[in-house]
Amino acid sequence: MLILLPPSEGKASVGDGPSLGELSFPKLDRPRKRVLSALLKASKRRDALDVLGLSPGQRGELDKNLALREAPTLPAAELYTGVLYDNLGLATLSPEARARAEEQVLIFSGLWGVVRITDRIPPYRLSMGVTLPPLGGLAAFWRPSVTAELDRLPGLVVDMRSATYAGAWKPGARSVAVRVFNQGKVVSHMAKATRGEIARVLLESGQDPSSPDELAKILQTLGYAVRQAPGKLDVELVP
């Protein structure tokens, strides 16, 4: 089983380890260098905030980008914060669940393509939804390289990504996207919390579903109200 997560806009402010080194999926290193170089150039532009989709109050994010090559790093498990990651609670997983997370959880990134939770990276700001000169839309830029790397990995794909990040890899028939509803309506904030919670219970359960049917049965056993649709698993929040 693979669990796909988006990154978070909220991130730890500083790292405490060495500067950028080797990351998982080394075949992505060449496109990573291209995106990093383009991001450094974009962050120096007069219209950098507009290019990167940032507000005037986020100007400090540009400084983080400009320091990426020398900045201290920290594990992705500690870098990403926010509702989804708060509910996933990587720091408090059991040792067995943590070992599964290191193998099964993949975090998508506009800058790095995809990383594992053990990869050490510095704080940065770059959404997959950005059109980054001269590379263009980042989801389309990353798709060929990420697809070549991840298509070879086996197992059911449990897709917790937002639409922006889902464009970087389309796993096909072996994938099931988890959607969250409240009284029949798609919800956003609570969807992040519920996805993080579901990722946690799957990791802690130790179960490894091989099909959407098996995944649905596991979640039902764990107390979730679910219904299946082609390529999707809908979770209904219960009052």
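Higher on the page you've got the structure.
What counts and how
Residues numbered from 1 in each chain as written. Predicted model: local features only at pLDDT ≥ 70, side-chain atom pairs only at ≥ 80, totals over all residues. Heavy atoms only, no water. Helix = DSSP H or I, 4+ residues; strand = E, 2+ residues; numbered from the N terminus. Contact = heavy atoms within 4.5 Å. Axes fitted to C-alpha atoms, helices over the stretch in contact; angles between N-to-C directions. Parallel < 35°, antiparallel > 145°, perpendicular 65-115°, else oblique. Left-handed = near helix turned anticlockwise from the far one by under 90°. Nonpolar A, V, L, I, M, F, W, Y, C, P; charged D, E, K, R; others polar. Salt bridge = Lys/Arg side-chain N within 4 Å of Asp/Glu carboxyl O. Buried < 20%, exposed > 50% of the residue type's maximum accessible area, 1.4 Å probe, protein only. Arc of directions from axis to C-beta. Pairing = 2+ DSSP bridges. Core = buried A, V, L, I, M, F, W, Y, C linked by side-chain atoms within 4.5 Å. 1 Å grid on protein atoms, 1.4 Å probe; cavity = no way out; pocket = protein on both sides within 12 Å on 5 of 7 lines; lining within 4 Å. Points joined across faces, edges and corners; volume = space filled by probe spheres on them.

Chemist: Before we go on, may I ask you to explain the environment of proline 7 in this structure?
Modeler: Position of proline 7 among the secondary structure elements: in the loop between β1 (2-5) and α1 (29-44). For the pair formed by proline 7 and aspartate 86, sequence separation is 79 residues and the distance between their alpha carbons is 12 Å. Not counting residues within four places of it along the chain, the set of residues in contact with proline 7 comprises Tyr80, Tyr85, Ile107, Phe108, Tyr124 and Tyr165.

Chemist: What's the story with the packing of α1 against helix α7 (residues 138-150) in this structure? I'm lost.
Modeler: Between two packed helices, the angle of one axis relative to the other and the distance separating the axes together describe the packing. Interhelical geometry of α1 versus α7 gives an angle of 160 degrees and a closest axis separation of 10 Å. Overall, the two elements α1 and α7 adopt an arrangement that is roughly antiparallel. As for the relative orientation of α1 and α7, their crossing is right-handed in sense. Taken together, the residues of α7 that come into contact with α1 (itself represented by Pro31, Arg32, Arg34 and Val35) are Leu138, Phe141, Trp142 and Ser145. Tallied by class, residues from the contact of α1 with α7 come to 5 nonpolar, 1 polar and 2 charged.

Chemist: Just to check I follow, could you spell out the pattern of salt bridges for this structure?
Modeler: Side chains bearing opposite charge may pair, as long as their charged atoms lie close to each other. By the definition in use, this model includes 11 salt bridges. For aspartate 16, the salt bridge goes to arginine 120, with nearest N and O atoms at 3.2 Å. Here arginine 120 lies in strand β5 (residues 120-121) and aspartate 16 lies in the loop between β1 and α1, a separation of 104 residues in the sequence. As a salt-bridge pair, aspartate 47 and arginine 45 come within 2.9 Å of each other at their nearest N and O atoms. By sharing partners, the salt bridges in this structure join Glu9, Glu61, Lys64 and Arg125 into a single network.

Chemist: Please clarify how helix α6 (residues 95-104) should be interpreted in this entry.
Modeler: For an α-helix, 3.6 residues make a turn, and residues three or four places apart therefore share a direction. Taken residue by residue, α6 has Ala97, Ala101 and Gln104 as its buried positions. What you see down the axis of α6 is that its buried residues fit within an arc of 85 degrees, all on one side. Turned more than 90 degrees from where α6 packs its buried face, Pro95 and Glu103 sit exposed.

Chemist: Can you walk me through the pairing of strand β9 (residues 175-182) in this structure?
Modeler: On any regular strand, side chains alternate: one points to one face of the sheet, the next to the other face. Direction of pairing for strand β8 (residues 157-159) relative to β9: parallel, over a ladder of 3 bridges. Note that in β9 the partner of valine 158 across the bridge is valine 176.

Chemist: Which parts of the structure should I look at to understand the nonpolar core?
Modeler: Nonpolar side chains tend toward joint burial in soluble globular proteins. Leu52, Leu126 and Leu132 are the most contacted members of the largest nonpolar core, which has 78 residues in total. Every residue in contact with leucine 132, bar those within four places of it in the chain, is listed here: Val35, Ala38, Leu39, Ala42, Leu52, Leu126 and Leu138.

Chemist: How should I be thinking about the layout of surface pockets in this particular structure?
Modeler: Any empty space left between atoms is shown by rolling a water-sized probe over those atoms. Estimates place the volume of the largest pocket at around 860 Å³. If you trace the largest pocket, you find 42 residues lining it, with Pro6, Arg161, Ser162, Tyr165 and Lys192 closest to the centre. Contributions of two or more residues to the lining of the largest pocket are made by α5 (83-88), α8 (163-166), β9 and α9 (189-205). The element best represented in the lining of the largest pocket is β9, accounting for 5 residues. Split into classes, the residues belonging to the lining of the largest pocket amount to 20 nonpolar, 13 polar and 9 charged. Size it by volume and the second largest pocket reaches roughly 210 Å³. Along the walls of the second largest pocket sit Leu20, Gly21, Glu22, Leu23, Asp29, Arg32, Lys33, Leu36, Arg69 and Trp112, which together make up its complete lining.

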